[in-house]
Amino acid sequence: MKKVAIVGKPNVGKSSLFNRLVKRRDAITSDISGTTRDVKKNIVTLLNDREFELLDTGGIDYSDELFSKVGQKALDAAKEADIILYMVDGKKIPDEEDKRLFWELQSLNKPIALLVNKIDNDKEMQEKFWEFSEFGAENIFAISVSHNRGLSPFYKWLEELIPPKKNQILIEDDDIPIEFLFDDTQEQEEEKEFKVAIIGRVNTGKSSLLNALLKEDRVIVSDIAGTTIDPIDDSIEYNDYKITFVDTAGIRRRSKIVGIEKFALNRTENMLKNADIAILVIDASEGVTELDERVAGLIDKYKLGSLIVVNKWDIRGEKEYKEMVQEIRDELKFLHYAPLITISAKTGLRVHKILDMLIEIFKNYSKRVPTSKLNDAIKMAISRHHVPSHHGQVVKIKYATQFATKHPRIALVVNKPNLLHFSYIRYLTNFLREQFDFMGTPIEIIPKKNADRLEKES
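Conventions and cut-offs
- Residues numbered from 1 in each chain as written.
- Predicted model: local features only at pLDDT ≥ 70, side-chain atom pairs only at ≥ 80, totals over all residues.
- Heavy atoms only, no water.
- Phe/Tyr/Trp six-rings, centres within 6.5 Å; stacked < 30°, edge-to-face > 60°.
- Helix = DSSP H or I, 4+ residues; strand = E, 2+ residues; numbered from the N terminus.
- Buried < 20%, exposed > 50% of the residue type's maximum accessible area, 1.4 Å probe, protein only.
- Pairing = 2+ DSSP bridges.
- Contact = heavy atoms within 4.5 Å.
- Polar contact = N/O pair within 3.5 Å; in protein donor to acceptor, adjacent residues only side chain to side chain.
- Axes fitted to C-alpha atoms, helices over the stretch in contact; angles between N-to-C directions.
- Parallel < 35°, antiparallel > 145°, perpendicular 65-115°, else oblique.
- Left-handed = near helix turned anticlockwise from the far one by under 90°.
- Nonpolar A, V, L, I, M, F, W, Y, C, P; charged D, E, K, R; others polar.
- Salt bridge = Lys/Arg side-chain N within 4 Å of Asp/Glu carboxyl O.
- Core = buried A, V, L, I, M, F, W, Y, C linked by side-chain atoms within 4.5 Å.
- Right-handed = clockwise from strand over helix to strand, strands pointing away.

Asker: For the packing of aromatic side chains, give the residues involved together with the corresponding values.
Answerer: For the coordinates displayed, the defined rule picks out 13 aromatic pairs. For the ring pair phenylalanine 194 and tyrosine 241, a centre distance of 6.1 Å and an interplane angle of 70 degrees mean the geometry is edge-to-face. Of this pair, phenylalanine 194 sits in strand S8 (residues 193–200) while tyrosine 241 sits in strand S10 (residues 241–247), and the two are 47 residues apart along the sequence. Per residue, the accessibility class of phenylalanine 194 equals that of tyrosine 241, and both read buried. Taken together, the ring pairs connect Tyr86, Phe102, Phe132 and Phe135 into an aromatic cluster.

Shown next, in the form of structure tokens:
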């Protein structure tokens, strides 16, 4: 496996670049020189499973004994590496010491790039970047790590130096910025905290459900609609997870919302923006109403993980389970991915199953599928059901990569994205849901000509 070392003087942005490449905040960054003292390492995967070991070194500084040792470690790492990335601060004038160090590393006859960081705009590009041409670097890139600017040419240069694994199908579209196809090959650190919003019509039993989950009377419960006005946050520890519940005010029909309850509705919507999962509480004795559909629409609006809880099952009347499930699925088709459970918050019937279900939904909601596995699944889906053409025009899917979690979002690189029929996108969504167990979470597939600027658009 190739080794790539990031070296340079202190506080030029080495750790920020390291974090961007490994796609997580692994190295500590600050404006204080010398924050990084040891050599940090991580495995990075580029497009087509090109793997390399990335080394983040301490700043080269000989101002005192400690910094001198750190600097020597950095130089040693560069000498052991196969590829060297020498980074300088583009907001400062070229430094003679930087030139000397760059030339020293250049003499090792290894692939080396000069990264002029902190070139944040076109003005700095015109006025400052070209001053660094006096380094005589064959490969020089003006970048801004903090502004995500100018990185694609650098990534493409790096990709050419890292060989792909054997038997990999290469992507055909050269215009795709590599930055969206970086995966951290190490196992992602599992998040252990998430927020759950309990929503539903007035008097469906949301407060009773929260009390049953917390095993204490935390909020006032009565048969008077709208008893709970303020959202009340409560956290519990369960199976090593911290689950924070927010019990919201009941949502009335908009035409009837007045005064303080209208204010509570606004707070509910604001809370949903920060939630991970929504529990939609439906009254089994009344079934699905038009307002239930509107409330459920908030889950779709904010792309939350979801669980449908049918409460008051003990007083449902004559309605059978299959009949109730069919009614809910027919009326709430856009929440087809949400699991459903019938309970009685008052008697405690099946309430104990909810926490385990929430944890599974959150795992799926925050799941990231490795690029190689994702594309294997896409190839399998295409082999079973070929991409339909559009009036004789061939529509070809070239590549897929997941670029976000919570909720999972996948870029589908297509030669003619506008011609990919929505029904085929739905087919791929359902196929991936089945392959990777995305129960309880929405999946968004976004066809793109190329993946550039995808994160900003999302």
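Asker: Quick rundown of the pairing of strand S1 (residues 2–8)? Include the residues and the values.
Answerer: A large share of S1 lies buried, amounting to 5 of its 7 residues. Here S1 pairs with strand S3 (residues 50–56) via 5 bridges, running parallel. Each bridged residue has a counterpart across the sheet, and for isoleucine 6 the counterpart in S3 is aspartate 56. The pairing of S1 with strand S4 (residues 83–89) spans 5 bridges and is parallel. Within the sheet, the bridge partner assigned to alanine 5 lies in S4 and is isoleucine 84.

Asker: Tell me about the environment of lysine 99, and name the residues and values.
Answerer: Looking at the element boundaries, lysine 99 is found in helix H3 (residues 96–106). Apart from the residues within four sequence positions on either side, lysine 99 is in contact with Pro94, Glu134 and Phe135. Of note is the side chain of lysine 99, whose polar atom sits 3.1 Å from the side chain of glutamate 96.

Asker: So what's going on with the packing of helix H11 (residues 371–384) against helix H12 (residues 422–436)? Which residues, and what values?
Answerer: Two numbers describe how H11 lies on H12: the axes approach to 10 Å, and their chain directions differ by 125 degrees. By the angle class used here, H11 and H12 are oblique. With respect to the hand of their crossing, H11 and H12 are arranged in right-handed fashion. Where H11 abuts H12, its residues Lys373, Leu374, Ala377, Ile378, Met380, Ala381, Ile382 and Arg384 lie against Tyr424, Tyr427, Leu428, Phe431, Leu432, Gln435 and Phe436. Class assignment for the residues of the contact of H11 with H12 results in 12 nonpolar, 1 polar and 2 charged.

Asker: Would you mind going over the pattern of salt bridges in detail, with residue names and values included?
Answerer: The tally for this structure, following the rule as stated, stands at 17 salt bridges. The shortest N-O distance in the salt bridge between arginine 100 and glutamate 97 comes to 2.8 Å. Taken as a pair, arginine 100 and glutamate 97 lie in helix H3 at a separation of 3 residues, close to a single helical turn. Here lysine 312 makes a salt bridge to aspartate 283, at a shortest N to O gap of 3.2 Å.

Asker: Break down the sheet that holds strand S16 (residues 444–448) for me, citing the residues and quoting the values.
Answerer: One open sheet holds the 3 strands; their spatial order is S14-S15-S16, and the pairing between them is mixed. Taken across any chain shown, the strands that pair with only one partner, and hence form the sheet edges, are strand S14 (397–404) and S16. The sheet shows a mean angle of 25 degrees between the axes of neighbouring strands, direction not considered. Note: strand S15 (residues 409–414) against S16, 5 bridges, orientation parallel. Paired with leucine 412 across the strands is proline 447, a residue of S16. Contacts from H11 reach S14 and S15, with the element oriented near 135 degrees to S14.

Asker: Tell me what's going on with the nonpolar core, and back it up with residues and numbers.
Answerer: By size, the foremost hydrophobic cluster in this structure holds 56 residues, and its most contacted members are Leu209, Phe245, Ile279, Ile354 and Leu358. Setting aside chain neighbours within four positions, we find isoleucine 354 in contact with Leu209, Leu213, Ile279, Leu307, Val309, Ile341 and Ile343. Judged by nonpolar contacts, the second largest core, of 25 residues, contains Leu46, Leu54, Val145 and Leu158.

Asker: Which residues make up the environment of methionine 271, and what values go with them?
Answerer: Here methionine 271 is to be found in helix H7 (residues 259–272). Sequence separation between methionine 271 and alanine 197 is 74 residues; the distance between their C-alpha atoms is 7.6 Å.

Asker: Give me the side chain of aspartate 292: which residues, what numbers.
Answerer: Looking at where aspartate 292 falls in the secondary structure, it is placed in helix H8 (residues 290–301). You can call aspartate 292 buried: its relative accessible area is 0%. Beyond its immediate stretch of four places on either side in the chain, aspartate 292 contacts Arg201, Val281, Ile282, Gly287 and Leu332.

Asker: Can you lay out the pairing of strand S12 (residues 305–311) for me, pointing to particular residues and giving the numbers?
Answerer: With 7 of 7 residues buried, S12 is to be regarded as a mostly interior element. The two faces of S12 match: Gly305, Leu307, Val309 and Asn311 on one face and Ser306, Ile308 and Val310 on the other face are all buried. Across 7 bridges, the pairing between strand S11 (residues 277–283) and S12 is parallel. Within S12, the position partnered with isoleucine 282 by the bridge is valine 310. The β-α-β motif built from S11, the intervening H8 and the parallel element S12 has right-handed crossover chirality. Here S12 pairs with strand S13 (residues 340–342) via 3 bridges, running parallel.

Nothing here speaks to function; it is geometry throughout.
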